[in-house]
Amino acid sequence: MMKLNGIAASSGVAIAKAYCLVAPDLTVVKQQITDVDAEQAKLDAALAVTTEELKAIQQMTEENLGAEEAAIFGAHLLVVNDPELIAPMKQKIADEKVNAAFALQEVSSMFVTMFESMDNDYMNERAADIKDVSKRILAHILGVKIPNPSAINERVIVVANDLTPSDTAQLNRDFVLGFTTDIGGRTSHSAIMARSLEIPAVVGTKEATQTIEDGMMVIVDGLSGDVLVNPDDETIAHYEQKAKAFSAQQKEWAKLVNEPSVSADGHHVELAANIGTPEDLESVVRNGGEGVGLYRTEFLYMGRDALPTEDEQFTAYRAVLEGMSGKPVVVRTLDIGGDKKLPYLPLAEELNPFLGHRAIRLCLERTDIFRTQLRALLRASTYGNLKIMFPMIATLQEFREAKALLEEEKANLLAEGVQVAEQIEVGIMVEIPSTAVMADTFAKEVDFFSIGTNDLIQYTMAADRMNEQVSYLYQPYNPAILRLIKMVIDAAHKEGKWAGMCGEMAGDEFAVPLLLGLGLDEFSMSATSILKTRALLQSLNKVELEELAVRALDEATADDVLAIVQQYVAK
Ligand code: PEP
Ligand code: MG
């Protein structure tokens, strides 16, 4: 048995066989060959297996995820059987006496480069198909495995170096019991997705993929951050017990589903949920969410091969608004870039993508994409209590520009005779230090703030949220962070506006007392944290915590702050 330790990213305990989601080494070396027939036969054999494999994946994807998601594999099957692509490969083997892998790589790259350079979406998509399929054929020639998360059809624990948001979106909730990754921190998107999928996860173990092989028995303890590999029977029994105790605890919390979110001394706050897709709503309702404090709409743009249309977006936004039956729903406009990429929207390679051309910066340039989203949101606004929020706002100018585009689209829709809700609050994420510092000025123009501590901490501490080497600097209790938060809350209140928080800090058991003391109005978190936080809230005294928060702001270090909170909670 072996034990790894990482960051407990999503609570619960999962026990199952490992499924390693690791990108294979597809390095190709040019070789001179003598037996042309044998080399061409190698290519034919790889094409045949690839065809069978794609058919199986297509069928499984259709069963697990639906026809739309499976359609991409139909396109891939056309590529494998395209004589215009395959014949030149065979020709190259014969003419130049080179190995099959090299011929495949040369010919496919030639087509990819050609199609990518065309100013035509259809041909750009074909380039992406050829790239994907060639990798698959190449893997068969080289005898290495290409993992396919959407085809998982037995209960497993996924082991990966990292899971991108689109990998995570493809995981089938019925089969993936938990996951563990080499890299990532509590606020990397793989961790956030794990919490919304309600599956236990441990991230940042540094060596999960080196240690764990396909089929090994694995225990993921998302409560402690431990991962046990090849556990003995006694250990398995111990963790089965722990899993049981955790579900018993969850049952206790479940009793609070219809209770108000109120402190021991009668102060009300709103406990809302962060969601990524309309499917997450079920969990929000089941966990007693009083609203949606953050709908990360970028997931609507992922796992597909073209931008979502205005109607597709309208359908999703309307579903969320209706699903929340008039409770507040804060929809964040597209926050793409950083670790969130779209295959069909090539962004320039950047040295520092988290500081780059992303989110509102991109939307203010690609106003075509932005306006489509704004129109869809405005059209959906009559179906519930919509609030619109712009991400990554660094200057007042950006907010004004974004708001002006919203107003323009509103006027356009009204002129077209389309109904739009009269009152739609428009707010911003406060996740860049400049905006926190200028909160008093912003508060005069925005309707609300939602503090995005995942990024606010990253940018204030200059510590990459994806990098476990610097995860010690993810310090929500650092007085520097608390002082910024206080500035934002006070600025909002001074102008009669509300301040919420949708970063992961809002659901942190030791941060909640401080945030209550600082006067935060809305706490938005993974749905699975809501009931636990409601239970905690009922034990807290707001008036006492106001005093504690003042003391915390004057402490010297994050550890000092944590110590005084823990002391308070323990008494
Ligand atoms: C944040 O930055 O705190 C936030 C909520 O946004 P995201 O995690 O999507 O960057
Ligand atoms: Mg953010």
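Residues numbered from 1 in each chain as written. Chains lettered and ligands numbered in written order. Predicted model: local features only at pLDDT ≥ 70, side-chain atom pairs only at ≥ 80, totals over all residues. Heavy atoms only, no water.

> So what's going on with the pairing of strand β14 (residues 448-451)? Residues and values would help.
Side-chain alternation along β14 places Phe448 and Ser450 on one buried face and Phe449 and Ile451 on a second face that is also buried. Where strand β13 (residues 425-430) meets β14, three bridges bridge the pair, whose relative direction is parallel. Within β14, the residue paired with isoleucine 428 across the bridge is phenylalanine 449. In this sheet, strand β15 (residues 498-501) lies alongside β14 in parallel orientation, the contact comprising four bridges. Counterpart to serine 450 in the pairing with β15 is glycine 500. (Buried < 20%, exposed > 50% of the residue type's maximum accessible area, 1.4 Å probe, protein only. Helix = DSSP H or I, 4+ residues; strand = E, 2+ residues; numbered from the N terminus. Pairing = 2+ DSSP bridges.)

> Mind laying out helix α14 (residues 396-415), listing which residues take part and the relevant values?
Between the first and last C-alpha of α14 there are 28 Å, a value that for 20 residues agrees with the 28 Å anticipated at 1.5 Å per step. Residues of α14 that are buried include every one of Leu396, Glu398, Phe399, Ala402, Leu405, Leu406, Glu409 and Leu413, and no others. Immediately downstream of α14, the backbone of glycine 417 shows phi near 85°, a positive value. (Expected span 1.5 Å × (residues − 1).)

> Explain the sheet that holds strand β16 (residues 522-526) to me, and be specific about the residues and the numbers.
The parallel closed barrel is built from eight strands, whose spatial order is β9-β10-β11-β12-β13-β14-β15-β16. Each strand of the sheet is rotated relative to its neighbour by a mean of 25°, with strand direction disregarded. Where strand β10 (residues 292-296) meets strand β11 (residues 328-332), three bridges bridge the pair, whose relative direction is parallel. Within β11, the position partnered with arginine 296 by the bridge is arginine 332. (Axes fitted to C-alpha atoms, helices over the stretch in contact; angles between N-to-C directions.)

> Before we move on, can you summarise the pattern of salt bridges with the specific residues and values?
A side chain of one charge can pair with a side chain of the opposite charge if their charged atoms are brought near each other. In total, this model carries 38 salt bridges according to the counting rule given. When the shortest N-O distance is used, the salt bridge between arginine 318 and glutamate 322 registers 3.3 Å. Of this pair, arginine 318 and glutamate 322 both sit in helix α11 (residues 310-323), four residues apart, which is roughly one turn of the helix. The class for arginine 318 is partly exposed, based on a relative accessible area of 29%. Assessed through its relative accessible area of 39%, glutamate 322 is described here as partly exposed. Through salt bridges with shared partners, a single ionic network connects Glu310, Asp311, Arg371, Arg375, Arg379, Glu408, Glu409 and Glu416. (Salt bridge = Lys/Arg side-chain N within 4 Å of Asp/Glu carboxyl O.)

> For α11, give the residues involved together with the corresponding values.
Its 14 residues place the ends of α11 20 Å apart at the C-alpha level, agreeing with the 20 Å of an ideal helix rising 1.5 Å per residue. Of all the positions in α11, only Glu310, Gln313, Phe314, Ala316, Tyr317, Val320 and Leu321 are classed as buried. One side of α11 carries all its buried residues, which in axial view fall inside an arc of 165°. Contacts made by the buried residues of α11 are with β9 (270-275), α10 (281-286), β10, β11, α13 (367-380) and β12 (385-390). (Arc of directions from axis to C-beta. Contact = heavy atoms within 4.5 Å.)

> Can you explain the site of ligand 1? Please cite residues and give values.
In the vicinity of ligand 1 lie 15 residues, with Arg296, Arg332, Gly452, Asn454 and Arg465 positioned nearest. Contacts to ligand 1 include glycine 452, whose backbone N or O atom sits 3.3 Å from an oxygen atom. Calculation on ligand 1 without its partners gives an accessible area of 290 Å², and the protein chains cover 100% of this total. Listing elements by their share of the shell around ligand 1, those giving two or more residues are α7 (189-197), β10 and α17 (453-461). (Near = heavy atom within 4 Å. Polar contact = N/O pair within 3.5 Å; in protein donor to acceptor, adjacent residues only side chain to side chain. Areas by Shrake-Rupley, 256 points an atom, 1.4 Å probe, with all protein chains shown as cover.)

> An account of the sheet that holds strand β1 (residues 2-5) is requested, with residue identities and associated values reported.
Pairing is mixed in the open sheet, where eight strands are placed in the order β1-β8-β7-β3-β4-β5-β6-β2. Only two strands of the sheet have a single partner each, and these edge strands are β1 and β2 (7-10). Averaged over all pairs of adjacent strands, the angle between strand axes in this sheet comes to 30°, irrespective of strand direction. Bridging between β1 and strand β8 (residues 226-229) involves four bridges; their strand directions are antiparallel. From the neighbouring strand, methionine 2 faces β8, where its bridge partner is valine 229. On top of the sheet, α7 reaches β2, β5 (176-181) and β6 (201-203); it is set at about 45° to β2, its chief contact.

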